[in-house]
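Structural overview for review
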Amino acid sequence: MNIGNVIMTKRKELGLTQQALADKLHVSFQAVSKWEKGVSYPEIELLPIIAGVLNTSSDALLGYEFKTHGYYDDRYKEDEYYWGIQPNEICYEIMKMKPPVKPLKVLDIGCGEGKDAVFFARNGYEVTAFDLSIDGIEKGKRLAEKFGVNVDFFQADLNDYRLKENYDIIFSSGVFDYMRPEFRTEITEHLKEHTNEEGLNAIKVFVDKPFIEVNDKNKKVNRYPWKSGEIFTYYHDWELFRMDEVIFDCNSGGMPHKHCIDIMIAKKYR
Ligand SMILES: C[S@@+](CC[C@H](N)C(=O)[O-])C[C@H]1O[C@@H](n2cnc3c(N)ncnc32)[C@H](O)[C@@H]1O
């Protein structure tokens, strides 16, 4: 698909007219019409803005297919929930710190099959969740349906998706090592900016330890483990509630191995 077709498809999916899209982009509707007919292309600086309005990424506009992470896609295709459906222990801690006594927005980055997103929704939070794996997203939707809750699940790549609104809680478990190192500063700043005052960022990120061997070569694809303690430094100007480093045994993929993970809960000052 060329860029014009992608714009037209996404525009229609959102129920926008050419004029409505043009208004949002501060261009003429003739410009939108020309892009869609393939007569001209949008200026390159407009790409991230168009992507933002159309709820997609610049890569997707350019027809670049999501490079799904085969390792997880294969596992998420099974009926069984690879990560189970019990929430991560940190979700209870987050709930204690920010109980849903008023409407609170949660974002789960790299939600996998949606167990944590659905847990938050079942407890009354307004939840948005994305993952690179479409199979994971589909299972998340089914889990939400099973429990009769609503979660805004969608597919996106954390490396190029940019937030359109603020959240009270931004949560991510076991995913930040898929963030390309050159984007770490920009993305963490972006997440911090899009957190409401007194909101939380709760992140669990795999870190490198020289004495822990990564035994699964597949998992190394597009993975960039962080340095021990590195995540905390990005939040030096927030109140740090939890800064732990844990080494644990794991049996995912049927092969016993170890991981090291840094766990952070940070609160934005008022
Ligand atoms: C270790 S799993 C964690 C899943 C979930 N957070 C959980 O705790 O159950 C890592 C997840 O990151 C997702 N992922 C990998 N690369 C990603 C990317 N670039 N953008 C968004 N999600 C990504 C994978 O599809 C997978 O679901």
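Residues numbered from 1 in each chain as written. Predicted model: local features only at pLDDT ≥ 70, side-chain atom pairs only at ≥ 80, totals over all residues. Heavy atoms only, no water.

**What about the environment of Asn 150?**
- Topologically, Asn 150 is positioned in the loop between helix 9 (134-146) and strand 3 (151-155).
- Residue classification places Asn 150 among the exposed positions, given a relative accessible area of 67%.
- Between the C-alpha atoms of Asn 150 and Glu 43, which are 107 residues apart in sequence, the distance is 37 Å. (Helix = DSSP H or I, 4+ residues; strand = E, 2+ residues; numbered from the N terminus. Buried < 20%, exposed > 50% of the residue type's maximum accessible area, 1.4 Å probe, protein only.)

**Observations regarding the packing of aromatic side chains**
- Evaluation of the coordinates by the stated rule reveals 14 aromatic pairs.
- Ring centres of Tyr 82 and Trp 83 lie 4.8 Å apart, and the angle between their planes is 75°; this geometry places the pair in the edge-to-face category.
- The partly exposed category is assigned to Trp 83, whose relative accessible area is 36%.
- Here Lys 192 stacks its cationic end above the ring of Tyr 235, 5.3 Å away from the centre of that ring. (Phe/Tyr/Trp six-rings, centres within 6.5 Å; stacked < 30°, edge-to-face > 60°. Lys NZ or Arg CZ within 6 Å of the ring centre and 35° of its normal.)

**What to know about helix 2 (residues 18-25)**
- What helix 2 keeps buried is the set Leu 21, Ala 22 and Leu 25. Projection of helix 2 onto a plane perpendicular to its axis shows the buried side chains occupying an angular sector of 100°, all on one side.
- Where helix 2 is buried, its residues touch helix 1 (3-13), helix 3 (29-37) and helix 4 (47-53).
- Downstream of helix 2 by one or two residues, His 26 has phi in the positive range, about 55°. (Arc of directions from axis to C-beta. Contact = heavy atoms within 4.5 Å.)

**Overview of the site of the ligand**
- Close contacts around the ligand come from 19 residues, with Tyr 76, Gly 110, Asp 131, Asp 157 and Ser 173 the closest.
- Within the backbone of Ser 173, a nitrogen or oxygen atom sits 2.9 Å from a nitrogen atom of the ligand.
- For the shell around the ligand, the secondary-structure elements that each account for two or more residues are helix 6 (70-76) and helix 8 (115-122).
- Residues of the shell around the ligand, tallied by class, amount to nine nonpolar, six polar and four charged. (Near = heavy atom within 4 Å. Polar contact = N/O pair within 3.5 Å; in protein donor to acceptor, adjacent residues only side chain to side chain. Nonpolar A, V, L, I, M, F, W, Y, C, P; charged D, E, K, R; others polar.)

**Comments concerning the side chain of Arg 223**
- With respect to the element layout, Arg 223 can be found in the loop between strand 5 (195-206) and helix 11 (230-234).
- Residue class for Arg 223 comes out buried when judged on its relative accessible area of 14%.
- Here Asp 177 takes part through its side chain, which lies 2.4 Å from a polar atom of the side chain of Arg 223.

**Structural notes on the domain arrangement of the protein**
- Here the protein is described as being made up of domain 1 (3-61) and domain 2 (70-267).
- Each of domain 1 and domain 2 has a C-alpha centre, and these two points are 31 Å apart. (Domains from an automatic or database assignment.)

**Looking at the pairing of strand 6 (residues 239-250)**
- Relative to strand 7 (residues 257-267), strand 6 runs antiparallel, the two being bridged by 11 bridges. Across the sheet, Leu 240 pairs through a bridge with Ala 266, a residue of strand 7.
- Adjacent in sequence and paired antiparallel, strand 6 and strand 7 are bridged by six residues, among which Gly 253 carries a positive phi angle near 80°. (Pairing = 2+ DSSP bridges.)

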